[in-house]
Amino acid sequence: MAKPIFWNNSKRYYDLKSYWLNRFGCRVHKLPIDAGFTCPNRDGSIAAGGCIYCDGRGSALRRTGPLPSVSEQVRRGKAFYQQYPKSEKFIAYFQTFTNTYAPVENLRTLYDEALAVEDVIGLSIGTRPDCVSYETLMLIRSYAERSHVWLELGLQSIHDRTLQMINRGHDASTFRHAVRRAGGGPILICVHIIVGLPGETREEILETATAIAELPVQGIKIHNILALEGTALGEHFKLGEVGMMTREEYVGTVCDILEILPPTMVIQRLTADGYREIFLGPAWAGNKLAVINAIDRELETRDSWQGKRWEGTA
Ligand code: SF4
């Protein structure tokens, strides 16, 4: 398969910026929001410890006093990006913890507040696949019928053995079920995966990518695993009990993943973010730009691009 013309970009994958430029004809920015949610995998509903890599701190805003309202956070985010030319439209990104973990009427109030701000054209809602009830799904669908809505589902791995090991608190079939219920209609699905989870081989990581490629999923965020202070994984890392991928291994695996994903899938992320003050390793992960540049170089060296080895039909 040749590199798709419809990307309209100079990259070897379909990045989010290009997708939005093609779709809306202007720059669109995601505005991160911490609406004060928690997570059932942390508060004891499912488990108390959370995923082994989760630092449980929430956004930086939580450490500066009471959280500003959703509309105030959106306004601040807009003001930041409006310094830059052609920043015309915005997506309210409910990012921190599990953003569907509340009664549906509370969710409606929060989402409505974000969408009421001028130039906010949609929502991106980060959550767990086991935390989207029928009522919540219907609410999100109602927004998707009139605005641009992404549902971001954390999966991390398609392998139950890994999900258990990282204490995700759900299995792969729960994820597949959530995608089948939510996908195929107006809601756009973005799946989060982690590359380099302890004990996973490259083949197993590619099986995760293949499973996602076969589902009605329109976007993906690919993260490298980070060891952070205050997490179970961080403790194992400090004791030298977990190995981490080298940058070369990570870059090679990400390129393999990109090659088997559909060319229409929007690549929303290729690296992970962590707070500098609690970052333990691997050291190479501290330079995100270098990782992204290395991915670009590797694809160029291979003369390859997203979808080159995709086995589906266009
Ligand atoms: S689901 Fe997300 S917020 Fe909840 S424990 Fe895991 S990483 Fe943390």
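So, here's what we can say about the structure. (Residues numbered from 1 in each chain as written. Predicted model: local features only at pLDDT ≥ 70, side-chain atom pairs only at ≥ 80, totals over all residues. Heavy atoms only, no water.)

**Notes on the side chain of Ser124**
For step 1, the next point in the chain: Here Ser124 is to be found in strand 3 (residues 120–127).
For step 2, the next point in the chain: Each residue touching Ser124, except ones within four places of it in the same chain, is listed here: Lys30, Ile91, Ala92, Tyr93, Phe94, Trp150 and Glu152. (Helix = DSSP H or I, 4+ residues; strand = E, 2+ residues; numbered from the N terminus. Contact = heavy atoms within 4.5 Å.)

**Overview of the site of the ligand**
For step 1, the next point in the chain: Near the ligand you find Cys39, Arg42, Gly50, Cys51, Tyr53, Cys54, Phe97, Arg128 and Arg168, and these make up its full shell.
For step 2, the next point in the chain: Here the residues of the shell around the ligand are counted per class, giving 5 nonpolar, 1 polar and 3 charged. (Near = heavy atom within 4 Å. Nonpolar A, V, L, I, M, F, W, Y, C, P; charged D, E, K, R; others polar.)

**Some remarks on the nonpolar core**
For step 1, the next point in the chain: Formed by 83 residues in total, the largest nonpolar core has its most connected members in Phe94, Leu123 and Ile222.
For step 2, the next point in the chain: Those residues in contact with Ile222, other than ones at most four positions away along the chain, are Ile193, Val195, Tyr250, Val254, Ile257, Leu258, Arg269, Leu270 and Thr271.
For step 3, the next point in the chain: Within the second largest apolar cluster, 14 residues are counted, among which are Tyr14, Leu16, Trp150 and Val266. (Core = buried A, V, L, I, M, F, W, Y, C linked by side-chain atoms within 4.5 Å. Buried < 20%, exposed > 50% of the residue type's maximum accessible area, 1.4 Å probe, protein only.)

**A look at the sheet that holds strand 5 (residues 188–195)**
For step 1, the next point in the chain: Strand order in the open sheet formed by 7 strands is 1-2-3-4-5-6-8, and the pairing between neighbours is parallel. Of all strands in the sheet, those with a lone pairing partner are strand 1 (27–33) and strand 8 (266–269), marking the two edges. Averaged over neighbouring strand pairs, the angle between their axes works out to 25° when direction is ignored.
For step 2, the next point in the chain: Both strand 3 and strand 4 (residues 148–156) contribute to a ladder of 6 bridges, which runs parallel. By the bridge assignment for strand 4, Gly126 is matched with Glu152. (Pairing = 2+ DSSP bridges. Axes fitted to C-alpha atoms, helices over the stretch in contact; angles between N-to-C directions.)

**Here we look at the pattern of salt bridges**
For step 1, the next point in the chain: The final tally for this structure, using the stated rule, is 21 salt bridges.
For step 2, the next point in the chain: With a closest N to O distance of 3.9 Å, Arg57 and Asp55 form a salt bridge.
For step 3, the next point in the chain: A salt bridge links Glu259 to Arg309, with the nearest nitrogen and oxygen atoms 3.0 Å apart. With Glu259 in helix 9 (residues 247–260) and Arg309 in the segment after helix 10 (288–302), the pair connects residues that are 50 residues apart, well separated along the chain.
For step 4, the next point in the chain: For Glu259, a relative accessible area of 4% gives the class buried.
For step 5, the next point in the chain: Counted as one network, the salt bridges with shared partners bring together Arg202, Asp256, Glu259, Glu298, Arg302 and Arg309. (Salt bridge = Lys/Arg side-chain N within 4 Å of Asp/Glu carboxyl O.)

**Considering the pairing of strand 5**
For step 1, the next point in the chain: Of all 8 residues making up strand 5, 8 are buried, and the element is well covered by its neighbours.
For step 2, the next point in the chain: Residues Leu188, Cys190, His192 and Ile194 of strand 5 are buried on one face, and the alternating residues Ile189, Val191, Ile193 and Val195, pointing to the opposite face, are buried as well.
For step 3, the next point in the chain: Looking at chain direction, strand 4 and strand 5 are connected through 6 bridges and run parallel. Bridge pairing links Glu152 to Cys190 in strand 5.

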